[in-house]
Amino acid sequence: MGMPVTVEVIDSLVTAGDLEQIFNYFDQIDRRFSTYKFDSEMSRMNRGEIKPADISALMKNMLELSEQTKNQTNGYFDIKKPDGTSDPSGLVKGWAIYNAAEILKKAGFKNYFIEAGGDVQVSGSNGQGKSWRVGIKNPFDQKQILKVVFLKSEGIATSGTYIRGQHIYNPHDIGQDIADIISLTVIGPNIYEADRFATAAFAMGKEGIVFIEKLPGFEGYMIDNNKIATMTSGFEEYANA
């Protein structure tokens, strides 16, 4: 997936094989959906080498979820690029983390942390028996943590331009950079939900935090280009241990 992946399982019965299963899963997802690997199903589909009737069940599921998210976000989430190709990166990462967490859950584990590229899914407690602590970086000084949130079963995702540069665009105004906000962090019931809505909300610019405010079960923390932070009404509840 072109990014570091961290898996921590606190339960005493975890084995190296359990962790290997998770990393193998991420590798399989990368091989299928990567837009950087020449031989991935995604790349081959974008080149027209795979007909719509011949795509895999996993790819069909991803396309259906992408369309669902597009409809739920008034078109602000759209995997279709101006050149006609598709890039599901804004959905795949959170979806993959969520599915990896489900693998651990079904194996009977209750206390774990999975992070890929800054997006996180947690369950249960950390090694000290407390809620998992997740820091939100200052996009203007990444050595500084602006906020620490405490999570038990939620997902947290951040969309922004401060690491990868401008890679999220307003699909309603193609070619126009989103210059008024730098990062938008979303906490949701799981990482799949948090990640997809964080991507869409970032594409909305400053209206994105309003969109998150109206979403039941979600909270957000936005930093604009003037270094001003705006948070949803219930965000501070996660910042209190």
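The structure this text deals with has already been given above.
Residues numbered from 1 in each chain as written. Predicted model: local features only at pLDDT ≥ 70, side-chain atom pairs only at ≥ 80, totals over all residues. Heavy atoms only, no water.

**Concerning the pattern of salt bridges**
Any two side chains of opposite charge can pair if their charged atoms end up close together. Within this structure, the stated rule accounts for nine salt bridges. The salt bridge involving E41 is made with R32; its shortest N-O contact spans 2.5 Å. For E41, a relative accessible area of 9% corresponds to the buried category. What makes R32 partly exposed here is its relative accessible area of 28%. Notably, a salt bridge pairs D119 with K93, separated by 3.2 Å at the nearest N-O pair. With a gap of 26 residues between them, D119 in strand β3 (residues 119–123) and K93 in helix α4 (residues 89–106) connect regions that are remote in the sequence. What makes K93 buried here is its relative accessible area of 13%. (Salt bridge = Lys/Arg side-chain N within 4 Å of Asp/Glu carboxyl O. Buried < 20%, exposed > 50% of the residue type's maximum accessible area, 1.4 Å probe, protein only. Helix = DSSP H or I, 4+ residues; strand = E, 2+ residues; numbered from the N terminus.)

**So, the pairing of strand β8 (residues 219–224)**
Of all the six residues making up β8, six are buried; the element is thus mostly covered by neighbouring parts of the structure. Side chains E219, Y221 and I223 of β8 all project onto a buried face; the interleaved residues G220, M222 and D224 project onto the opposite face, where all are buried too. Across six bridges, strand β7 (residues 181–188) lies against β8 in antiparallel orientation. Looking at β8, one finds that V186 is bridged to G220. In textbook terms, the turn of a hairpin is the stretch between consecutive antiparallel strands, and for β8 and strand β9 (residues 229–231) this stretch comprises four residues, one of which, K227, has a positive phi near 65°. (Pairing = 2+ DSSP bridges.)

**Focus on unusual backbone geometry**
Even without a glycine there, the phi angle at N74 is positive, about 55°. Note on N74: relative accessible area 57%, which makes it exposed. Backbone geometry places K227, a non-glycine residue, at a positive phi of 65°. Summarising the element assignment, K227 is placed in the loop between β8 and β9.

**Topic: the sheet that holds β3**
The antiparallel open sheet is built from seven strands, whose spatial order is β1-β2-β3-β6-β7-β8-β9. Both outer strands of the open sheet, β1 (5–9) and β9, are each paired with one neighbouring strand and no more. Neighbour-to-neighbour, the strand axes of the sheet open up by a mean angle of 10°, direction not taken into account. Taken together, the six bridges between strand β6 (residues 155–160) and β7 define a ladder with antiparallel strand orientation. (Axes fitted to C-alpha atoms, helices over the stretch in contact; angles between N-to-C directions.)

**Description of the packing of aromatic side chains**
Inspection of every chain in the model, using the stated rule, returns six aromatic pairs. Each ring, one from F113 and one from W132, has its centre 5.5 Å from the other, and the planes form 35°; the classification is tilted. Linking F113 in strand β2 (residues 112–116) with W132 in strand β4 (residues 132–138), this pair joins segments that are 19 residues apart in sequence. According to the relative accessible area criterion, W132 is buried, its value standing at 5%. Plain terms: the ring middles of F197 and F218 are 5.3 Å apart, the flat faces sit at 85° to each other, and that makes the pair edge-to-face. (Phe/Tyr/Trp six-rings, centres within 6.5 Å; stacked < 30°, edge-to-face > 60°.)

**Some remarks on the environment of S86**
The residue S86 is located in the loop between α3 (57–72) and α4 in this model. Note on S86: relative accessible area 4%, which makes it buried. Sequence separation between S86 and I103 is 17 residues, and the spatial gap between their C-alpha atoms is 27 Å. What S86 contacts, discounting residues up to four positions off in sequence, is T35, M42, N46, I79 and K80. Among the polar contacts made by the side chain of S86, one reaches the side chain of K80 at a distance of 3.5 Å. (Contact = heavy atoms within 4.5 Å. Polar contact = N/O pair within 3.5 Å; in protein donor to acceptor, adjacent residues only side chain to side chain.)

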